[in-house]
Amino acid sequence: MTTTTTAWQALADHYQQDIRPYPLKQLFDAGGESRFTDLSWQAEGILLDLSKQRIQPKSLDLLLQLARQRQLPKAIERLFNGGIVNPSELRPALHTALRQSQGPYPKVDGQDTGQLIADNLANMQRIVNKVHAGEWLGYNGQAINTIVNIGVGGSDVGPQMVCQALDEFKTETKFPLKFLFVSSLDGSQLAEMLQHLSQATTVFIVASKTFTTVDTMANAKTAKAWLRKTIPSDKAITEHHFIGSSAHPERMHAWGIPQANQVALWDWVGGRYSLWSGIGLPIALKIGMAGFKQLLAGAEAMDKHYKTTPLEHNLPVLLAMVGIWNINILRLKAQTILPYDGRLKILPNYLSQLEMESNGKTVTSDGSHTSLDTSPVIWGDVGANAQHAYFQLLHQGTPAFYADFIVPVRRTPSNGYSKSTQAQLQCQQELNLANCIAQSRVLMMGDSVLQWEDPCDKSPDRLYPGNHASTTIMLDELTPYSLGSLIALYEHKVYTQAVIWDINPFDQWGVELGKQIAKTTLKAIQQRQQTMACDEHFDASTDGLLSHIDTCTHAHQQTILNKNTGQP
Ligand code: F6P
């Protein structure tokens, strides 16, 4: 167990003696000029700066001892070799195989995953070529120009995040293509969107690993109803206007999606790890298969780094272990993700699912309750925007947190702009870099950043305590390749932490009960509307809310009735 390891005790002692008494500023002074070189690493076009963390080099030595005592190298091997790293579902987690460019590939149930993956990529290529060439025609022979991805969670946030981040890498196509994403269960997104779309030129990708998720199937059903308004046959609808992306070809078939319109993922790929599979079809359609393969290549490079690099220089391991330090030694329960790039607006949301759905767990491999804190609360936004939203709390609030600053050094605006616009955009990038670095510095040093000013002269509400830990991750530039590496960096960070906490990062049983209760609650709502009565009772609050729904619904129906019958 983690807490019984000698490394654990050494870490706790080290914190009490060497770290706790000294604010970050003092650690910096003590670390001198070499602190940055001692506590930063570079690999695969990514710089990882941990020098603004409340650590010393010795802290990392002890953290890596803990990683070894938790048998991390063996666990990493198990992940790549197709070992059962998802014991509650008796499955491997082989998102890494999806981006492996050459064999040997792990086998699952005797099946060579390499062949499955290659066939699927060829299938995606076929669909991408057809759409790009304007040969994917709607029911009346018009070329498709709008792709709507219907999915939720890992079947939505991943592809949407990458499509948004890599908009500048959109590939040339015969007809301009529009990419839209629908996920919300209430239908509000779809309803708004359908007003601006044409049935003849729209194709829907129904993206769902299980192909049973209520949100996605409800949105797909509504899309089908909308198509039926102008398209006479369901056969024409599903042949021309639906693509399916799922681990269940039989369910896609049963829903009417022909095999030629299906792309795949498999049970051995977690939903929140699936953008590298058929779930990534919107990405391939947007940036082309060559761009998609660049994304895969960037992730593969980080996989190789993670698998082969000694822990002392292993970026995912170092990022993970400094997280363990912050969560389990410094007891920080919140982490904010701050990408200083508007193109990465959805990244915090993506990482929220990746981290919290993976490591938001309390049960360890032997079924016992963990004594350690696990995943922190992860939230975030575009860094420069967050400066005008919740940085007040970060600088002067009470909750303890740590931050990840993520920024590309270079941004090459596409050629369409005039020289002066390009120059202005370059200024904006310099502004952006300056703010990113300044904010992490002020979080760290607080008032002491202004050496010449005596904080005692300031009124209390103008003081900055500082001493807030942060990591800075710099990409040379945001490209399909570097984004692939960045996402894989976080995937492996999450896996490493799960090994230390001895939890399963690949299942998500915690999402099931709410879905189940929603079914009985729906029945009650429908029964009450049909019969004005319901014999099902829940609890005072739920019953009260259901009655309130009845009252509002009936009052509204009465108003309409009155209007229709000219009653006051
Ligand atoms: O409810 C949670 C979840 O199962 C996620 O793990 C998953 O990414 C999402 O729902 C969507 O699931 P599916 O791709 O099966 O529709």
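Above this text is the structure in question.
What you see is a predicted model; the values in this text were computed from it and never measured.

A.B. asks: Residues and numbers for the site of the ligand, please.
C.D. replies: Around the ligand, a shell composed of 13 residues is seen, among which Ser155, Ser208, Thr210, Thr213 and Lys515 lie nearest. Between the ligand and Lys209 there is a distance of 2.8 Å, counted from an oxygen atom to a backbone nitrogen or oxygen. Within the side chain of Lys515, an N or O atom sits 2.8 Å from an oxygen atom of the ligand. In the complex, 88% of the free accessible area of the ligand, which totals 390 Å², lies under the protein chains. Of the residues contributing to the shell around the ligand, the split by class is two nonpolar, eight polar and three charged.

A.B. asks: Explain empty space enclosed by the protein residue by residue, including any values.
C.D. replies: As enumerated under the stated definition, the model contains two cavities of 30 Å³ or more in all. For the largest cavity, the full set of lining residues is Leu98, Ile117, Asn120, Leu121, Met124, Trp266, Trp276, Ser277 and Gly278. Split into classes, the residues belonging to the lining of the largest cavity amount to six nonpolar, three polar and no charged. Reported here for the second largest cavity is a volume of approximately 30 Å³. Around the second largest cavity sit Gln53, Leu319, Val322, Gly323, Asn326, Gln335, Tyr402, Asp404, Thr471 and Lys493, which together line it.

A.B. asks: Please provide a residue-by-residue account of the sheet that holds strand β12 (residues 402–410), values included.
C.D. replies: Taken in spatial order, the six strands make up an open sheet running β1-β2-β13-β12-β10-β11, and their pairing is mixed. Only two strands of the sheet have a single partner each, and these edge strands are β1 (40–43) and β11 (377–380). Strand-to-strand twist across the sheet, computed as the mean angle between neighbouring axes with direction ignored, equals 15°. The pairing of β1 with strand β2 (residues 46–49) spans four bridges and is classified as antiparallel. Among the inter-strand pairings, Ala43 is bridged to a residue of β2, identified as Ile46. On top of the sheet, helix α14 (residues 347–359) reaches β10 (334–339), β11 and β12; it is set at about 170° to β11, its chief contact. Strands β2, β10, β12 and β13 (470–477) of the sheet are contacted by helix α18 (residues 480–501), whose axis makes an angle of about 150° with β13.

A.B. asks: Any details on the pairing of β12? Residues and values, ideally.
C.D. replies: Counting buried positions along β12 gives seven out of nine residues, so the element sits mostly inside the fold. Of the pairings in the sheet, the one linking β10 to β12 comprises five bridges and is parallel in character. Bridging from a neighbouring strand, Gln335 pairs with Tyr402 of β12. In the sheet, β12 pairs with β13 via seven bridges, with the strands oriented parallel. In the strand pairing of β13, Pro408 is matched with Leu475.

Each value, and the rule that gives it
Residues numbered from 1 in each chain as written. Predicted model: local features only at pLDDT ≥ 70, side-chain atom pairs only at ≥ 80, totals over all residues. Heavy atoms only, no water. Near = heavy atom within 4 Å. Polar contact = N/O pair within 3.5 Å; in protein donor to acceptor, adjacent residues only side chain to side chain. Areas by Shrake-Rupley, 256 points an atom, 1.4 Å probe, with all protein chains shown as cover. Nonpolar A, V, L, I, M, F, W, Y, C, P; charged D, E, K, R; others polar. 1 Å grid on protein atoms, 1.4 Å probe; cavity = no way out; pocket = protein on both sides within 12 Å on 5 of 7 lines; lining within 4 Å. Points joined across faces, edges and corners; volume = space filled by probe spheres on them. Pairing = 2+ DSSP bridges. Helix = DSSP H or I, 4+ residues; strand = E, 2+ residues; numbered from the N terminus. Axes fitted to C-alpha atoms, helices over the stretch in contact; angles between N-to-C directions. Contact = heavy atoms within 4.5 Å. Buried < 20%, exposed > 50% of the residue type's maximum accessible area, 1.4 Å probe, protein only.

By themselves, these figures tell us nothing about what the structure is for.
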